Amino acid sequence: MEWQKYFADVEIHPANALFALGVAILSFIVIHTLLALVRRRLCKLEERKADRPAAQLIKATLARTSNVAVFATSILIGLSMLELPVPWDARVRNLWFIALGAQLAMYVSHAIDFSARRYFRRRTRSPDSPASVAQTLTIWALKTALWIIFFLAMLSNLGINVTTFIASLGIGGIAIALAVQNILGDLFASLSIAVDKPFEVGDYIAVADFSGTVEHVGLKTTRVRADSGEQVVIANAEMLRNTVRNYKRMRERRVQFSLRLNPGTPLELAEQVPAALREVVERQKQVRFDRAHLKALDLNWIEFELVYFMLDPAYALFMDTQQAILIGARRVFDDLGVTMTPAATTVVMENPQGGEMRPMRALPLRSH
């Protein structure tokens, strides 16, 4: 048989085989014991001082030790005790590289995941907030690069020429990039969102013709819970092509509006309006008064402009405050004895037959 020819040059003495088996079993026990002792030591060190990032990292990384890798390492240690011919000696060395390299890659992969999550968690407002797109992209990029390097190193160790393989991957990558350029555009847009951070999960934003709270920022799309209740899914590239208003980062809200009085209001009363409006605004909480001025004076209105700042940008508080100010302004006008009715206008009705002119009527001019 073919397999008998493959092993024909391998001659192992029974005593040597038993010795190698004993070494393999002993190695398996020793490795497991050392790992248990190190974990126990790290647990005690972590109990003495809770915030020990290095101890937590090593403990979490060692927890990813694969039993298959430990078993394979023990077998390889036992095989190293055998007197193997040259071809098999090289094959065992290749197996050493694969076993230890795979376990090391698993260690590094988990260390990347643990370190990145800890880094981004310390920089978020709430520890319970969902993973940001920056965290997802960082972990994905680092892990992908790690396993690609390990895969290429393994192929090189097995005697495969990886230079040609890498060149083929480059040509194929260009072809794939041209085929999926829209997807790549959204991917790079998500990278821009992660780096520039125009908004994050939980922010209230307004984009194009909708507004809502950001629920998820993915590699291709962003999901926003709209004010009307539905979830709006928009491509990241499309999101960045529009103007994004982030209300979550509003430090204070500037409010500006006008109040109009009848143009027949006596000047003595009009002069008292700005000061009275200022008193109304300053009675409110979380408000900084800016100004109140007579803005315009014409045949139809006497217009006053009022400006103030909400120190707390919450929309509900703004509406409550605006309502209180408007009601207070109306009371001020009633106390001063001024009216908000517009000026009357005269409309002349004329007979289209050229007859006598009809009586005139006075109608109020209303603003819509």
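Going by the structure above, here's the rest.
Residues numbered from 1 in each chain as written. Predicted model: local features only at pLDDT ≥ 70, side-chain atom pairs only at ≥ 80, totals over all residues. Heavy atoms only, no water.

Student: Got a minute to help me understand the overall build of the chain in this structure?
Tutor: Along its length, the chain carries twelve helices and ten strands. In the chain, which comprises 368 residues, the proportion classed as buried is 30%. When contacts within the chain are restricted to residue pairs at least 6 apart in sequence, long-range pairs at least 24 apart make up 61% of them. If you sum the accessible surface of the chain, you get close to 24,200 Å²; carbon and sulfur atoms cover 60% of it. (Helix = DSSP H or I, 4+ residues; strand = E, 2+ residues; numbered from the N terminus. Buried < 20%, exposed > 50% of the residue type's maximum accessible area, 1.4 Å probe, protein only. Contact = heavy atoms within 4.5 Å. Areas by Shrake-Rupley, 256 points an atom, 1.4 Å probe, with all protein chains shown as cover.)

Student: Any chance you could explain the sheet that holds strand β7 (residues 287-297) here in plain terms?
Tutor: In sheet architecture, strand pairing relies on hydrogen bonds along the backbone and comes in two forms, parallel and antiparallel. Here three strands make up an open sheet; going across it, the order is β6-β8-β7 and the pairing antiparallel. The open sheet has two edge strands, β6 (253-261) and β7, and neither has a second partner. The average angle at which neighbouring strand axes cross in this sheet is 20°, direction not considered. Sheet topology places β7 next to strand β8 (residues 302-310); nine bridges connect them, and they run antiparallel. Counterpart to V287 in the pairing with β8 is M310. (Pairing = 2+ DSSP bridges. Axes fitted to C-alpha atoms, helices over the stretch in contact; angles between N-to-C directions.)

Student: Please explain the pairing of strand β4 (residues 231-235) as it appears in this structure.
Tutor: Two faces, one strand: in a regular strand the side chains alternate between the faces of the sheet. Only one face of β4 is buried, namely the one carrying V232 and I234, since none of Q231, V233 and A235 on the opposite face is buried. In the sheet, strand β3 (residues 221-226) pairs with β4 via five bridges, with the strands oriented antiparallel. Each residue of the ladder has a partner; that of T221, found in β4, is A235. Linking two consecutive strands that pair antiparallel, namely β3 and β4, is a turn of four residues; a positive phi of about 110° is found at G229 within it.

Student: Is there a simple way to explain the sheet that holds β3 in this structure?
Tutor: Spatially, β4-β3-β2-β1-β5 is the arrangement adopted by the five strands of the open sheet, whose pairing is antiparallel. Of all strands in the sheet, those with a lone pairing partner are β4 and β5 (244-246), marking the two edges. Put simply, the sheet's adjacent strands are angled 40° from each other on average, direction ignored.

Student: Got a minute to help me understand the pattern of salt bridges in this structure?
Tutor: What the rule picks out here adds up to eleven salt bridges. The partner of D113 in a salt bridge is K143, and the shortest N-O contact between them spans 3.6 Å. Taken together, the residues D113 in helix α5 (residues 86-121) and K143 in helix α6 (residues 133-157) connect sequence positions 30 residues apart. By relative accessible area, which is 14% here, D113 ends up buried. Overall, K143 belongs to the partly exposed group, its relative accessible area being 24%. Put simply, E238 and R241 hold a salt bridge, and the shortest N to O gap is 2.9 Å. Of this pair, E238 and R241 both sit in helix α9 (residues 236-241), three residues apart, which is roughly one turn of the helix. Among the residues examined, E238 registers a relative accessible area of 33% and is labelled partly exposed. Look at the salt bridges and you will find they share partners, linking D203, K248 and R249 into a network. (Salt bridge = Lys/Arg side-chain N within 4 Å of Asp/Glu carboxyl O.)

Student: Even after reading the chapter, I still don't get helix α11 (residues 273-282), so can you show me in this structure?
Tutor: Turn by turn, an α-helix covers 3.6 residues, leaving residues three or four places apart pointing in a common direction. Within α11 the residues assigned to the buried category are V273, A276, L277, V280 and V281. Buried residues along α11 cover an arc of 140° about the axis, so they all sit on one side. (Arc of directions from axis to C-beta.)

Student: Help me out: how do you make sense of helix α12 (residues 315-336) in this one?
Tutor: Over its 22 residues, α12 extends 31 Å from the first C-alpha to the last, a length consistent with the 32 Å expected when each residue adds 1.5 Å. Taken as a whole, α12 has its buried residues at F318, T321, Q322, I325, G328, A329, V332 and F333. Looking straight down α12, one finds that the buried residues subtend no more than 140° of arc, so they occupy a single side. Every exposed residue of α12 that faces more than 90 degrees away from the buried side is listed here: A316, Q323, R331 and D335. (Expected span 1.5 Å × (residues − 1).)

Student: Whenever I open this one, a nonpolar patch on the surface confuses me. Can you help?
Tutor: Together, L18, L21, I25 and I29 make up a nonpolar patch on the protein surface, roughly 410 Å² of accessible area in all. Mapped onto the secondary structure, L18 falls in helix α2 (residues 14-48). (Patch = residues over 30% accessible without salt bridge, like charges linked within 9 Å, V, L, I, M, F, W, Y side chains within 5 Å.)

Student: Which parts of the structure should I look at to understand the layout of surface pockets?
Tutor: Empty space among the atoms can be located by rolling a probe the size of a water molecule over them. Here the second largest pocket defines a volume of roughly 160 Å³. Lining the second largest pocket are Y204, Y247, K248, M250, R253, P313, A314 and Y315. Broken down by class, the residue content of the lining of the second largest pocket amounts to six nonpolar, no polar and two charged. (1 Å grid on protein atoms, 1.4 Å probe; cavity = no way out; pocket = protein on both sides within 12 Å on 5 of 7 lines; lining within 4 Å. Points joined across faces, edges and corners; volume = space filled by probe spheres on them. Nonpolar A, V, L, I, M, F, W, Y, C, P; charged D, E, K, R; others polar.)

Student: What should I look at first to understand the nonpolar core in this one?
Tutor: Most often, soluble globular proteins keep nonpolar side chains buried together rather than apart. Counting 24 residues, the largest nonpolar core has L306 and Y308 as the members making the most contacts within it. Among the elements of the structure, β6, α11, β7, β8 and α12 are those that each provide at least two residues to this core. Grouped together as the second largest cluster of nonpolar side chains are twelve residues, I205, F210, V224 and A226 included. (Core = buried A, V, L, I, M, F, W, Y, C linked by side-chain atoms within 4.5 Å.)

Student: Honestly, the packing of aromatic side chains in this entry has me stumped. Any pointers?
Tutor: Each aromatic ring pair is specified by the distance between its two centres and by the angle formed by the two planes. Tallied over the full model, the rule gives four aromatic pairs. Centre to centre, the rings of F257 and Y308 are 6.4 Å apart; their planes meet at 85°, and the pair counts as edge-to-face. You can see F257 sitting in strand β6 and its partner Y308 sitting in strand β8, a full 51 residues away along the chain. The exposure class assigned to F257 is buried, which follows from its relative accessible area of 13%. With a centroid separation of 5.8 Å and 55° between ring planes, the pair formed by Y315 and F318 is classed as tilted. Residue Y315 and its partner F318 are both found in helix α12; the two are separated by three residues, about one turn of the helix. Residue classification places Y315 among the exposed residues on the basis of a relative accessible area of 52%. Here the guanidinium or amino end of R288 rests over the ring plane of F309, the centre of that ring lying 4.5 Å away. (Phe/Tyr/Trp six-rings, centres within 6.5 Å; stacked < 30°, edge-to-face > 60°. Lys NZ or Arg CZ within 6 Å of the ring centre and 35° of its normal.)

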